[in-house]
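Per-entry structural report
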Amino acid sequence: MEVPGLNAAWAGFIAMVASIAVAALVAWPFAGAEWALVFLAAGLATIAAYHARNLAAFLRWLKEPRRESLPIGTGAWEEAYTTLHGLIRGRDESERTLAAALARFRAAGQALPDGVLILNSDSQIEWANPTSELHLDIDMRRDAGQGITNLLRHPDFIGYLESNDYREPLVLRRARGDASVLTLRIIEFGDEQKLLLTRDITVQEKADTMRRDFVANVSHELKTPVTVLSGFVETLSNEGMQLSDAQRRKFLGLMSDQAHRMQRLIEDLLTLSALESSARPDDEQNIDVRSLVEKLAEEARMLSGGRHKVGFSVDPDARLTGGVQELASAFSNLVSNAIRYSPEGGEIRIDWRLRDGQGVFSVEDSGIGIERRHIARLTERFYRVDNSRSRETGGTGLGLAIVKHVLTRHQASLEIRSEFGRGSTFSAVFPARRVEKIGAARAA
Ligand code: ADP
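These numbers were taken from a predicted model, which means no experiment stands behind them.

Before going further, it helps to examine the site of the ligand. Around the ligand sit 20 residues in total, of which Tyr341, Ser390, Thr396, Gly397 and Leu400 are the nearest. Take Tyr341: an N or O atom from its side chain is 2.7 Å from an oxygen atom of the ligand. Note that an oxygen atom of the ligand is positioned 2.8 Å from one of the backbone N or O atoms of Leu400. When the free accessible area of the ligand is taken as 520 Å², the share hidden by the protein chains comes to 98%. Assessed atom by atom at 2 Å from the grid points, the ligand resides in the largest pocket.

Spelled out as structure tokens, the structure:
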């Protein structure tokens, strides 16, 4: 029977003491008072010994409290152990859930493309994901527990950390001593802890710089013709200025040159922008390279005006798959360069052939050649070896940039071989899957 307000321990204890007391009282008339008292004392001592033994076992267990080694008790001890068993099982389960959540959090942290680093209240590193290790050039096996300012000594970062104003991220250039650019953002949380988020923006920065340079270059390229044109317009419209017919013709000729220069530049800019706005050529087809090369040779002869010898050869068995319009414009750029950078009497050869299964379109000239140090930069927009020669011959500085772009869209590469003073060969090398060997098909 359960008495309200009494728990099992008290109830059991009272029941045992009461039973012993009753037994002693019953024994009193037969065995006498002394034996009854001895019996009572022995009973109480047994109860005390029972609890002492259980307590000792419990204390022993507490030194290494594992669920499997929990002692087995009786009575109130049994109930206590059962409750304890339930508690431990609950704790184990929540530990397991917590460990799984932590593992998931870590896995997410590892997979994040951004760097995440946790700092304690003394700005020492508690945890960092691999991206953060990479961004900040740290190694958690070695640097965990280190003060962040011992490792990241950039004065801008130290200033940012100490400012306690983290509303804006910090842009850190040369954070690792290289050309990389990082943004860092601190977020405060918990007990004066900080989350340091890092993002590598080197590529975006480079793209921004290129865009700025490009706009500056285009403006610069347009400035001269516009200035010249407006100067002539002013001169021609000045009624007080008496101009002879010859002078007027000369001015109009110069104006026309500048207008054409602007037109070529704008056409090349539009070509570049069209190339950038679509991922692949939209008129891919099997190209009849022979007739294309014949047209290019004809174009070269016209451009040369008889000042150069133009020859060509075409492997009749090799066909090329690609965007016919853009490839024609890229090849035509190479041919026009060969003419423009070859002095009178020079020789130009246009070739289409197979090389180890790859298709190679090349334009060889016996022109002025290019010094080795310039070669890697020739396909940059507006890069010219000799500014005045390029402009005099109607160059925009964008021709090879367009060629490179077109070839990249065809998974092809541009090979440049040149000897200063002797001539150059520009070759577009197409992967085997873009080249069809008709001879092989015929034989089969
Ligand atoms: P440009 O309009 O100035 O010719 P390109 O992009 O076509 O611009 O070429 C970049 C530069 O590469 C040229 O200014 C020139 O200095 C050099 N170059 C290109 N083709 C040749 C060539 N066949 N021989 C010598 N130099 C060349």
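Next comes the rest of the account.
A separate point is empty space enclosed by the protein. Empty space among the atoms becomes visible once a probe the size of a water molecule is rolled across them. With the rule as written, the count across this model stands at one cavity of 30 Å³ or more. What the largest cavity holds in volume is close to 40 Å³. Elements supplying a minimum of two residues to the lining of the largest cavity: helix H8 (202–237) and helix H9 (245–277). A total of three residues in the lining of the largest cavity trace back to one element, the largest contributor, which is H9. Of the residues contributing to the lining of the largest cavity, the split by class is three nonpolar, two polar and three charged. The residue makeup of the lining of the largest cavity includes at least three contributed by each of domain 3 (205–276) and domain 4 (279–443).

Counting residues in hydrophobic clusters, the biggest one holds 45 residues, and the most contacted among them are Leu327, Phe331, Trp352, Phe361, Leu407 and Phe430. Sorting elements by how many residues they give to this core places helix H11 (residues 324–340) first, with seven residues. Shared between two domains, this core takes at least three residues from each, and those domains are domain 3 (205–276) and domain 4 (279–443). Each residue touching Phe331, except ones within four places of it in the same chain, is listed here: Leu292, Leu296, Leu320, Phe361, Ala428 and Phe430. Of all hydrophobic cores here, the second largest spans 19 residues; its members include Tyr160, Leu161, Leu172 and Leu182.

Before going further, it helps to examine the sheet that holds strand S11 (residues 413–419). Spatial ordering of the open sheet is given by S7-S9-S10-S12-S11, a layout of five strands whose pairing is mixed. Both outer strands of the open sheet, strand S7 (309–314) and S11, are each paired with one neighbouring strand and no more. Direction aside, the axes of adjacent strands within the sheet are offset by 15 degrees on average. Looking at chain direction, S11 and strand S12 (residues 423–430) are connected through seven bridges and run antiparallel. Within the sheet, the bridge partner assigned to Ser413 lies in S12 and is Val429. Running over the sheet, H11 touches S7, strand S9 (347–355), strand S10 (358–365) and S12 and is turned about 30 degrees from S10.

Now for the pattern of salt bridges. Two side chains that carry opposite charge are able to pair once their charged atoms sit near each other. Per the counting criterion, the structure on display carries 22 salt bridges. For Glu68, the salt bridge identified is with Arg66, shortest N-O distance 3.4 Å. The exposure class of Glu68 is exposed, given its relative accessible area of 65%. The shortest N-O distance in the salt bridge between Arg391 and Glu221 comes to 3.2 Å. In this pair, Arg391 is assigned in helix H13 (residues 387–392) and Glu221 in helix H8, connecting sequence segments 170 residues apart. Relative accessible area serves as the criterion here: at 26%, Arg391 is assigned to the partly exposed category. Here Glu221 falls in the buried class, since its relative accessible area comes to 7%. A cluster of three or more residues bridged by salt bridges with shared partners is formed by Glu64, Arg66 and Glu68.

With that out of the way, let us pick up the layout of surface pockets. Empty space within the largest pocket amounts to approximately 950 Å³. In terms of lining, the largest pocket is formed by 43 residues, of which the most central are Asn333, Ser336, Asn337, Arg340 and Tyr341. Per-element tally for the lining of the largest pocket: the top contributor is H11, with nine residues. Residue composition of the lining of the largest pocket, grouped by class: 18 nonpolar, 16 polar and nine charged. Lining the second largest pocket we find 18 residues, and of these Met210, Thr379, Glu380, Arg381 and Ala401 sit closest to its centre. For the lining of the second largest pocket, the secondary structure elements donating two or more residues are H8, H9 and helix H14 (399–409). Its residues placed into classes, the lining of the second largest pocket shows six nonpolar, four polar and eight charged. In terms of domain composition, the lining of the second largest pocket takes at least three residues from each of domain 3 (205–276) and domain 4 (279–443).

Parameters at a glance
- Residues numbered from 1 in each chain as written.
- Predicted model: local features only at pLDDT ≥ 70, side-chain atom pairs only at ≥ 80, totals over all residues.
- Heavy atoms only, no water.
- Near = heavy atom within 4 Å.
- Polar contact = N/O pair within 3.5 Å; in protein donor to acceptor, adjacent residues only side chain to side chain.
- Areas by Shrake-Rupley, 256 points an atom, 1.4 Å probe, with all protein chains shown as cover.
- 1 Å grid on protein atoms, 1.4 Å probe; cavity = no way out; pocket = protein on both sides within 12 Å on 5 of 7 lines; lining within 4 Å.
- Sits in = over half its atoms within 2 Å of the grid points.
- Points joined across faces, edges and corners; volume = space filled by probe spheres on them.
- Helix = DSSP H or I, 4+ residues; strand = E, 2+ residues; numbered from the N terminus.
- Nonpolar A, V, L, I, M, F, W, Y, C, P; charged D, E, K, R; others polar.
- Domains from an automatic or database assignment.
- Core = buried A, V, L, I, M, F, W, Y, C linked by side-chain atoms within 4.5 Å.
- Buried < 20%, exposed > 50% of the residue type's maximum accessible area, 1.4 Å probe, protein only.
- Contact = heavy atoms within 4.5 Å.
- Pairing = 2+ DSSP bridges.
- Axes fitted to C-alpha atoms, helices over the stretch in contact; angles between N-to-C directions.
- Salt bridge = Lys/Arg side-chain N within 4 Å of Asp/Glu carboxyl O.

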